[in-house]
Amino acid sequence: SVASGGLSLSENYLYTTQAFRAYYDHLTDDGVLVIMRWHADTPRLVSNSVAFLGTAEASKRVVVLTEKHGNGEDPPQMMFMLRKRPFTEEETARMMAWPLADPVIVPGRHAEPPYDALFSGRKTMDQIAAEAPRRIEAVFDDSPFFFATEKPWGIPKRMQEALGALVAPLFGLLAIAVIFGRPR
């Protein structure tokens, strides 16, 4: 069901903004929330953090790293970290030098697009979400569909192709019936 997108309609309260707030509130002053998922989940995790901390605070407390190894069959995992206090210069320097991971977001040192525009203040989270090809906005308890990432307009591409493969032959048969099947 994961490959088919079947879980996109499953509620999941583990990854909502309110859940992040609860996790954050339970951390000690030096505590870190760590989530290991796939890189495709990074935008939603960042959005949740920005939704409850604000962009300025999230930019000091969020780190995203991806494994250096990976391929099409075994994609690299992503490590998302949300810290109760801001990361220090020494901590971010060690992250940048870590040989097993590539930095995606490291406070004060590195941010890949579109996070560079977000954390520098050039764009808001709403602007980035509007420009994204998939849904990346924050997820809340009243709509906890973290895995529903298809934009709501139109029909998803795979469904369009399946529908076209079904409807096109039917229209062809209908046209043949109309043209050649008229009574004389």
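Here the structure is a predicted model, which is why all the values come from computation and not from measurement. (Residues numbered from 1 in each chain as written. Predicted model: local features only at pLDDT ≥ 70, side-chain atom pairs only at ≥ 80, totals over all residues. Heavy atoms only, no water.)

**Quick notes on unusual backbone geometry**
The linkage connecting proline 113 with the following residue, proline 114, adopts the cis geometry, with an omega of 0°. With respect to the helices, strands and loops of the structure, proline 114 is situated in the loop between β5 (110-111) and α5 (115-120). (Helix = DSSP H or I, 4+ residues; strand = E, 2+ residues; numbered from the N terminus.)

**Some words on the confidence of the model for the protein**
Low pLDDT means the predicted atomic positions in that stretch should not be read closely. Summary statistics for the protein give a mean pLDDT of 89 and a share of 91% for residues scoring 70 or more. No element of the protein has a lower mean pLDDT than helix α7 (residues 157-180), which averages 84, and none a higher one than helix α3 (residues 55-61), which averages 97. (pLDDT = per-residue confidence, 0-100.)

**Thoughts on α7**
Between its terminal C-alpha atoms α7 stretches 34 Å, which fits the 34 Å expected from 24 residues at 1.5 Å a residue. Counting buried residues along α7, only 0 of its 24 residues qualify, which leaves the element largely exposed. (Expected span 1.5 Å × (residues − 1). Buried < 20%, exposed > 50% of the residue type's maximum accessible area, 1.4 Å probe, protein only.)

**Things to note about the pairing of strand β4 (residues 101-106)**
With 5 of its 6 residues buried, β4 lies for the most part within the structure. The pairing of strand β2 (residues 62-67) with β4 spans 4 bridges and is classified as antiparallel. Residue pairing in the sheet places glutamate 67 in a bridge with alanine 101 of β4. Connecting the antiparallel pair β4 and β5 is a turn made up of 3 residues, with glycine 108 showing a positive phi of about 75°. (Pairing = 2+ DSSP bridges.)

**Observations concerning the packing of aromatic side chains**
With the rule as written, the count across this model stands at 6 aromatic pairs. Taking 6.0 Å as the distance between ring centres and 80° as the angle between the ring planes, the aromatic pair formed by tyrosine 15 and phenylalanine 147 counts as edge-to-face. Separated by 132 residues along the polypeptide, tyrosine 15 in the segment before α1 (17-26) and phenylalanine 147 in the loop between α6 (125-131) and α7 bring together distant segments of the chain. By way of ring pairs, the aromatic residues Tyr15, Phe146 and Phe147 are connected into one cluster. Note that lysine 84 overlies the ring of tyrosine 24, its terminal NZ or CZ placed 4.9 Å from the centroid. (Phe/Tyr/Trp six-rings, centres within 6.5 Å; stacked < 30°, edge-to-face > 60°. Lys NZ or Arg CZ within 6 Å of the ring centre and 35° of its normal.)

**Notes on the sheet that holds β4**
Strand pairing in a sheet takes place through backbone hydrogen bonds and is either antiparallel or parallel in direction. Taking strand neighbours across the sheet as the criterion, the 5 strands line up as β1-β3-β2-β4-β5 in an open arrangement whose pairing is antiparallel. Strand pairing shows two members of the sheet lacking a second neighbour, β1 (32-38) and β5, which therefore form its edges. When β1 meets strand β3 (residues 77-83), the two strands line up antiparallel, connected through 7 bridges. Counted as the bridge partner of leucine 33 is leucine 82 from β3.

**Structural notes on helix α4 (residues 89-96)**
By the burial criterion, the buried members of α4 are Glu91, Thr92 and Met95. All buried residues of α4 fall inside an arc of 95° around its axis, so they share one side. Exposed residues pointing more than 90 degrees away from the buried face of α4 are listed as Glu89, Glu90 and Arg94. Against β2, β3 and β4 lie the buried residues of α4. (Arc of directions from axis to C-beta. Contact = heavy atoms within 4.5 Å.)

**Regarding the nonpolar core**
By size, the foremost hydrophobic cluster in this structure holds 29 residues, and its most contacted members are Leu45, Val46, Val64, Phe80, Leu82 and Phe119. The set of elements that each furnish at least two residues to this core consists of α1, β1, α2 (42-53), β2, β3, β4, α5 and α6. The greatest single-element share of this core, amounting to 5 residues, is contributed by α2. Excluding its chain neighbours within four sequence positions, the residues that come into contact with valine 64 are Thr42, Val46, Met78, Met79, Phe80, Asp102, Pro103, Val104 and Ile105. (Core = buried A, V, L, I, M, F, W, Y, C linked by side-chain atoms within 4.5 Å.)

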